Amino acid sequence: KLKAPQLLRWANSDVRWERITSKRCCGVLPCADVTVQEHHNFVVGDFITHNSMKSFVLTYHIAHAYLQGKKVLVYTKEMTDENMLLRISAFMAEVPYSELRGGILSREHRDAYFSLKQFVNEQFLATNGANDLRILCGSSAPGGADTIQWFGSQIEEYKPDVAFIDGLYLMSDTSARKNAALHEKVLNISRAARALQLATKVPLIATMQANRKAAGHSNAEFDEIAYSDALGQDVTCAIRVINEKTG
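So, a few notes on the structure that sits alongside this text. (Residues numbered from 1 in each chain as written. Predicted model: local features only at pLDDT ≥ 70, side-chain atom pairs only at ≥ 80, totals over all residues. Heavy atoms only, no water.)

1. Things to note about helix α7 (residues 148–158)
Logical step 1: Three or more residues of α7 are buried, namely Ile148, Trp150, Phe151, Gly152, Gln154, Ile155 and Tyr158.
Logical step 2: Taken together, the buried residues of α7 touch β3 (72–76), β4 (133–137), β5 (162–166), α8 (182–200) and β6 (204–206).
Logical step 3: Positive backbone phi, at 55°, marks Lys159, one or two positions downstream of α7. (Buried < 20%, exposed > 50% of the residue type's maximum accessible area, 1.4 Å probe, protein only. Helix = DSSP H or I, 4+ residues; strand = E, 2+ residues; numbered from the N terminus. Contact = heavy atoms within 4.5 Å.)

Right under this line is the structure:
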């Protein structure tokens, strides 16, 4: 049985694409430019808002791994499993994510997107279920249960070829002393993630934040990874993502 119910749900869903029938001017509305403290996010409605493309880059690599026939395990704390899947499937079908999310895909892109159903079924049959995708989100481990040890148990159960974590620094840590500083908690998370990779031999790809010092240039230095120097010591390879603003 294919253990990717979210992917099958999207592939088999009866999505309706409706044309906009009318539009009207609502006048001039207020617009706020929000600034938050270092490393923080802000919430708009029900969405946690970011200013970088690191999650999109991660979803691109997730899609690439799946298309290469790999068994993939993903954990995201900030997004729902369906939202993560929507991004991944946009890369798989090579359609614009913003148009997919807005329901305004061209006919060509709609055909490409809905062909995922056939592709997913063919991949599953061709690999005897070995090519699979499982997405875990915050509700999969509520109440601070999303530790590296918990993720390790998911790796042991699912036995993926590669695992991804969207926001390693957001994982929970139960080994730190009470009221420990954030850098101490992230150090523990980093050390545990490294130990997990060595024990399971499963490649672990995760996103992190850069600190404010990194905003002034386009270099890539380990000491500019936010929260803890341990991250720079524990990683096998670190790649910096820069969201270049154009226009």
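Don't stop here, the text continues.
2. Regarding the packing of aromatic side chains
Logical step 1: The final tally for this structure, using the stated rule, is six aromatic pairs.
Logical step 2: Aromatic pair Tyr60 and Phe91: ring centres 5.4 Å apart, planes at 85°, arrangement edge-to-face. Placement of Tyr60 in helix α2 (residues 54–67) and of Phe91 in helix α3 (residues 81–93) is noted, with a sequence separation of 31 residues between them.
Logical step 3: For Tyr60, a relative accessible area of 44% translates into the label partly exposed.
Logical step 4: Take Phe91: its relative accessible area is 30%, and that puts it in the partly exposed class.
Logical step 5: Ring geometry for Tyr66 and Phe119: centres 6.4 Å apart, planes at 70°, overall edge-to-face. Taken together, the residues span a long stretch of sequence, with Tyr66 in helix α2 and Phe119 in helix α6 (residues 116–126) at a distance of 53 residues.
Logical step 6: With relative accessibility at 26%, the residue Phe119 sits in the partly exposed group.
Logical step 7: A network of ring pairs unites the aromatic residues Tyr75, Trp150 and Phe151 as a single cluster. (Phe/Tyr/Trp six-rings, centres within 6.5 Å; stacked < 30°, edge-to-face > 60°.)

3. Describing the nonpolar core
Logical step 1: Grouped together as the largest cluster of nonpolar side chains are 26 residues, with contacts concentrated most on Ile62, Val72, Val74, Ile88, Tyr113, Leu133 and Phe164.
Logical step 2: The biggest single contributor to this core is α3, with seven residues.
Logical step 3: Counting residues in hydrophobic clusters, the runner-up holds 23 residues, among them Ile189, Ala192, Leu196 and Ile225. (Core = buried A, V, L, I, M, F, W, Y, C linked by side-chain atoms within 4.5 Å.)

4. As for the sheet that holds β4
Logical step 1: The strand order across the open sheet formed by four strands is β4-β3-β5-β6, and the pairing between neighbours is parallel. The sheet is open, and its two edges are formed by β4 and β6, each paired on a single side. On average, each strand axis in the sheet is tilted by 15° relative to the strand beside it, whichever way the strands run.
Logical step 2: Strands in contact with α7 are β3, β4, β5 and β6; relative to β3, the strand with the most contacts, it is inclined by about 155°. (Pairing = 2+ DSSP bridges. Axes fitted to C-alpha atoms, helices over the stretch in contact; angles between N-to-C directions.)

5. Notes on the pairing of β5
Logical step 1: Most of β5 is tucked away, with five of its five residues classed as buried.
Logical step 2: In β5, alternate side chains face the same way, and those of Val162, Phe164 and Asp166 on one face and Ala163 and Ile165 on the other are all buried.
Logical step 3: Looking at chain direction, β5 and β6 are connected through three bridges and run parallel. Bridging from a neighbouring strand, Ala163 pairs with Leu204 of β6.

6. Some thoughts on the packing of α7 against α8
Logical step 1: Running from N to C, α7 and α8 cross one another at 20°; their axes reach a closest spacing of 9 Å. By the angle between their directions, the pair α7 and α8 is classed as roughly parallel. Once α7 is placed against α8, the crossing between them reads as right-handed. Taking contact as the criterion, the partners of Ile148, Gln149, Phe151, Gly152, Ile155 and Glu156 in α7 are, on α8, Ile189, Ala192, Ala193, Leu196 and Thr200.
Logical step 2: Classifying every residue of the contact of α7 with α8 by side-chain character gives seven nonpolar, three polar and one charged. (Parallel < 35°, antiparallel > 145°, perpendicular 65-115°, else oblique. Left-handed = near helix turned anticlockwise from the far one by under 90°. Nonpolar A, V, L, I, M, F, W, Y, C, P; charged D, E, K, R; others polar.)

So, to be careful, I would describe these as geometric facts and stop short of saying anything about function.
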